[in-house]
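Each chain, written out:
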Amino acid sequence: MADNPKVLIVMGSTSDLPIMREAKKILDMLGVASRVGVYSAHRTPERSAALAAGAREQGVRAIIAGAGAAAHLAGAFAARTTIPVIGVPLAATPLAGLDALLATVQMPGGFPVGTMAIGKPGAQNAAFFAASIVSLEDPDVADAITAWREKKAAAAAAASAELEASS
Ligand code: RP5
């Protein structure tokens, strides 16, 4: 666990971890210090509120909040801090994440939650988005994002060259 995390990754339950772990992997790969924890908006509201309220003075630059069902975790964090909050809706009920998506994205004006896609791609993009925020003051992180994209571009071009050569 990082001592001075730039990004907090919070989730409503340990059942969210298999997906939210994807965000941690991306941040580690980009060299962004992060901290992961379970902070429920309804099971542990005071604990969650305290983390949100203290985040700015601890140097945190973005908070990623993943939750399923009537997902109010990201909104609860956005209510208590003015640093960017990024929401990841998770599939935890028979509604397959649509419930969490609508709950996360439909924040009233003034309390924004930058809402990503449902599930794994959302967790991954939440990490890239948080890293982009950190990159505004850390050129090494900007370089790491660029290097990752260049690697992906090279892999796509190589795959195409192989396909074209064999067709
Ligand atoms: C939400 O309820 C959590 O974020 C999780 O996605 C969902 C189910 O939680 P558990 O019952 O698995 O703990 O608060």
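Check the entry above for the structure.
Residues numbered from 1 in each chain as written. Predicted model: local features only at pLDDT ≥ 70, side-chain atom pairs only at ≥ 80, totals over all residues. Heavy atoms only, no water.

## Side note on the overall build of the protein chain
Step number 1: Counting its secondary structure elements, the protein chain contains six helices and five strands.
Step number 2: Shown N-terminal to C-terminal, the secondary structure of the protein chain runs as helices and strands in the order β-α-β-α-β-α-β-α-β-α-α.
Step number 3: The C-alpha atoms of the protein chain give a radius of gyration of 17 Å, which matches the 15 Å a tight globule of 167 residues would have.
Step number 4: Structurally, the protein chain occupies a C-alpha span of about 60 × 40 × 30 Å along its principal axes.
Step number 5: When each of the 167 residues of the protein chain is scored for burial, the buried share is 42%. (Helix = DSSP H or I, 4+ residues; strand = E, 2+ residues; numbered from the N terminus. Rg over C-alpha atoms; globule rule 2.2 N^0.38 Å. Buried < 20%, exposed > 50% of the residue type's maximum accessible area, 1.4 Å probe, protein only.)

## Quick look at the pairing of strand S4 (residues 85-90)
Step number 1: The element S4 is extensively covered by neighbouring structure, given that six of its six residues are classed as buried.
Step number 2: Covered by surrounding structure in S4 are Val85, Gly87 and Pro89 together with Ile86, Val88 and Leu90, the residues of both alternating faces.
Step number 3: Where strand S3 (residues 62-68) lies against S4, six bridges are found, and the strand directions are parallel. Opposite Gly66, over in S4, you have Val88 as the bridge partner.
Step number 4: Running through helix H3 (residues 73-80), the crossover from S3 to the neighbouring parallel element S4 is right-handed.
Step number 5: Looking at chain direction, S4 and strand S5 (residues 114-115) are connected through two bridges and run parallel. Among the inter-strand pairings, Ile86 is bridged to a residue of S5, identified as Gly114.
Step number 6: Running through helix H4 (residues 98-105), the crossover from S4 to the neighbouring parallel element S5 is right-handed. (Pairing = 2+ DSSP bridges. Right-handed = clockwise from strand over helix to strand, strands pointing away.)

## Let's talk about the sheet that holds strand S1 (residues 7-11)
Step number 1: The strand order S2-S1-S3-S4-S5 describes an open sheet built from five strands, whose pairing is parallel. Looking at the sheet topology across the chains shown, the edges are occupied by strand S2 (34-38) and S5.
Step number 2: Alignment of S1 against S3, held across five bridges, turns out to be parallel. Along S3, the bridge assignment pairs Val7 with Ala62.
Step number 3: Contacts from helix H5 (residues 120-135) reach S1, S3 and S4, with the element oriented near 175 degrees to S4. (Contact = heavy atoms within 4.5 Å. Axes fitted to C-alpha atoms, helices over the stretch in contact; angles between N-to-C directions.)

## Things to note about the pattern of salt bridges
Step number 1: Summed over all chains, the structure comprises three salt bridges.
Step number 2: Residues Glu22 and Lys25 are paired through a salt bridge, measuring 3.1 Å at the closest nitrogen-oxygen approach. Residue Glu22 and its partner Lys25 are located together in helix H1 (residues 17-30), separated by three residues, close to a single helical turn.
Step number 3: The shortest N-O distance in the salt bridge between Asp28 and Lys24 comes to 3.2 Å. (Salt bridge = Lys/Arg side-chain N within 4 Å of Asp/Glu carboxyl O.)

## Regarding the side chain of Thr104
Step number 1: Within the secondary structure, Thr104 sits in helix H4.
Step number 2: Leaving out residues up to four positions away in the same chain, Thr104 has contacts with Ala71, Ala74, Gly87, Pro89, Val113 and Thr115.

## Brief notes about the pairing of S2
Step number 1: Pairing analysis gives five bridges linking S1 to S2, with the strands arranged parallel. Counted as the bridge partner of Val10 is Gly37 from S2.

## Looking at the site of the ligand
Step number 1: The environment of the ligand is made up of Gly12, Ser13, Ser15, Asp16, His42, Arg43, Ala67, Gly68 and Ala92.
Step number 2: Ser13 is positioned with one of its side-chain polar atoms (N or O) 2.6 Å from an oxygen atom of the ligand.
Step number 3: Between the ligand and the protein, one listed contact pairs an oxygen atom with a side-chain N or O atom of Arg43 at 2.8 Å.
Step number 4: Notes on the ligand: free accessible area 360 Å², of which the protein chains cover 74%.
Step number 5: Residue composition of the shell around the ligand, grouped by class: two nonpolar, five polar and two charged. (Near = heavy atom within 4 Å. Polar contact = N/O pair within 3.5 Å; in protein donor to acceptor, adjacent residues only side chain to side chain. Areas by Shrake-Rupley, 256 points an atom, 1.4 Å probe, with all protein chains shown as cover. Nonpolar A, V, L, I, M, F, W, Y, C, P; charged D, E, K, R; others polar.)

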